[in-house]
Amino acid sequence: MDVGDEEDAIATLRRVNYYRLSGYWYPFRKLVNSTRSDQFYDGTRFSDVVALYDFDARLRSVTFAALMPVELAIRALVGHELGRIDPCAHQEVSKLGPTARQGNHYSKWLERYDDELAKSREEFVEHHEQKYGGRLPVWAATEILDWGSLTYLFGFAPRRAQDAIADVFGLTAPQLTSWLKALNLVRNTCAHHGRLFNRVHTISPKLPKLGRHPDLDAVSTDWSRTFGQLTLIQFLSDRLETGPNKLLPAVLRSFPAVQFVPKSHVGMPDGWQSSSALWA
């Protein structure tokens, strides 16, 4: 590898761990019999590796920001629909769907919820503790849940509540469940400074039938790659009518032009911006 200016390279390695950077020079390693060797392709430059690293840092930051309004909306929708059933439906297994009565997932969820409630320093939690003995209504309880716990609560909800929430996005309940699980992993990757670039995600979303959403149908990608996961965010943001999400298209356009590593490593197909209104 051509490291360029040695002092600049040393300065970079002082702020970025060697093993963290190695994930970004992996595609520069020669492919021999379907296996990456320890030798780099001729012409590999350290500056290109750093450019990919910096791109991924921008992508994580923007993805996290783009997920925020989606997460807040899901919180509100779950709290609203369960609140229609009972103000404390989340703590009454008899008010929830059959999934809450299968195995021990709900009891574990409730233990985790109680722990989060005990640790919370939110003013509204203190208010309910003083006035109502700490029994939060579900529309307040959703505000102390992380995305994973929120996804579980959606799964515990009666089907009519799930359907009402999923219908906001034009999805079925099983489809939205798979999307929430997939995006929970994306969110965690962003929160823990993981790598979105060149990543194969372990959960692929369940997609609607062709013809249901032409703008989604128009996106041709591997849905286990990062671009596919980001398309889910674009879709959900669009259906929530939070305004055009220009953040993700802008950061994807900044993908660096480096030798050996095309934009397909993010899952971006040729013509990705013109293929669908979701990315225009």
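Student: Explanation requested: the nonpolar core in the structure shown.
Tutor: Soluble globular proteins tend to pack their nonpolar side chains together in the buried interior. Membership of the largest hydrophobic core comes to 74 residues, with the highest contact counts inside it found for Leu252 and Trp279. With 15 residues, the single largest contributor to this core is helix α3 (residues 46–85). Residues in contact with Trp279, not counting those within four places in the same chain, are Val219, Phe227, Leu230, Thr231, Gln234, Leu248, Pro249, Leu252, Trp272 and Gln273.

Student: What is the right way to read the packing of aromatic side chains from this model?
Tutor: For the structure on display, the rule yields 18 aromatic pairs. Each ring, one from Tyr18 and one from Tyr19, has its centre 5.1 Å from the other, and the planes form 80°; the classification is edge-to-face. A relative accessible area of 45% places Tyr18 in the partly exposed class. Ring geometry for Tyr106 against Phe156: centres 5.4 Å apart, planes inclined by 85°, an arrangement best described as edge-to-face. Of this pair, Tyr106 sits in helix α4 (residues 105–119) while Phe156 sits in helix α7 (residues 147–156); the two residues are 50 residues apart in sequence, bridging distant segments of the chain. Grouping residues by exposure puts Tyr106 and Phe156 together as buried. Here a set of aromatic residues connected by ring pairs shows up, and it is made of Tyr24, Tyr53, Phe55, Phe197 and Phe255.

Student: How should I be thinking about a negative patch on the surface in this particular structure?
Tutor: There is a patch of like negative charges on the surface, built from Glu122, Glu123, Glu126, Glu129 and Glu143. Within the secondary structure, Glu143 is located in the loop between α6 (138–141) and α7.

Student: Looking at this structure, I do not really get the packing of α4 against α7. What am I missing?
Tutor: Working note: a packed helix pair is described by the angle between its axes plus the distance between those axes. Two numbers describe how α4 lies on α7: the axes approach to 11 Å, and their chain directions differ by 135°. Considering their axes alone, α4 and α7 lie oblique with respect to each other. Between α4 and α7 lies a crossing of left-handed hand. Of the residues in α7, those in contact with His105, Tyr106, Trp109 and Arg112 of α4 are Ser149, Tyr152, Leu153 and Phe156.

Student: What am I meant to see in empty space enclosed by the protein here?
Tutor: Where empty space is left can be seen by rolling a probe of water-molecule size over the atoms. Scanning all chains against the criterion turns up one cavity of 30 Å³ or more. Approximately 40 Å³ is the volume found for the largest cavity. Residue composition of the lining of the largest cavity, by class: three nonpolar, one polar and three charged.

Student: Hey, could you run me through the side chain of Ser149 in this one?
Tutor: Secondary-structure assignment places Ser149 in helix α7. Not counting residues within four places of it along the chain, the set of residues in contact with Ser149 comprises Trp109 and Arg112.

Student: What is the right way to read the layout of surface pockets from this model?
Tutor: A volume near 440 Å³ is recorded for the largest pocket. Lining the largest pocket are 20 residues, and of these Thr99, Thr151, Gly155, Thr177 and Lys181 lie nearest its centre. Broken down by secondary-structure element, the contributors of at least two residues to the lining of the largest pocket are α7, α8 (159–167) and α9 (173–191). For the lining of the largest pocket, the element with the highest residue contribution is α9, accounting for six residues. For the lining of the largest pocket, the class distribution of residues is nine nonpolar, nine polar and two charged.

Rules used in this analysis
Residues numbered from 1 in each chain as written. Predicted model: local features only at pLDDT ≥ 70, side-chain atom pairs only at ≥ 80, totals over all residues. Heavy atoms only, no water. Core = buried A, V, L, I, M, F, W, Y, C linked by side-chain atoms within 4.5 Å. Buried < 20%, exposed > 50% of the residue type's maximum accessible area, 1.4 Å probe, protein only. Helix = DSSP H or I, 4+ residues; strand = E, 2+ residues; numbered from the N terminus. Contact = heavy atoms within 4.5 Å. Phe/Tyr/Trp six-rings, centres within 6.5 Å; stacked < 30°, edge-to-face > 60°. Patch = residues over 30% accessible without salt bridge, like charges linked within 9 Å, V, L, I, M, F, W, Y side chains within 5 Å. Areas by Shrake-Rupley, 256 points an atom, 1.4 Å probe, with all protein chains shown as cover. Salt bridge = Lys/Arg side-chain N within 4 Å of Asp/Glu carboxyl O. Lys, Arg positive; Asp, Glu negative; His and termini not counted. Charge placed at Lys NZ, Arg CZ, Asp CG, Glu CD. Axes fitted to C-alpha atoms, helices over the stretch in contact; angles between N-to-C directions. Parallel < 35°, antiparallel > 145°, perpendicular 65-115°, else oblique. Left-handed = near helix turned anticlockwise from the far one by under 90°. 1 Å grid on protein atoms, 1.4 Å probe; cavity = no way out; pocket = protein on both sides within 12 Å on 5 of 7 lines; lining within 4 Å. Points joined across faces, edges and corners; volume = space filled by probe spheres on them. Nonpolar A, V, L, I, M, F, W, Y, C, P; charged D, E, K, R; others polar.

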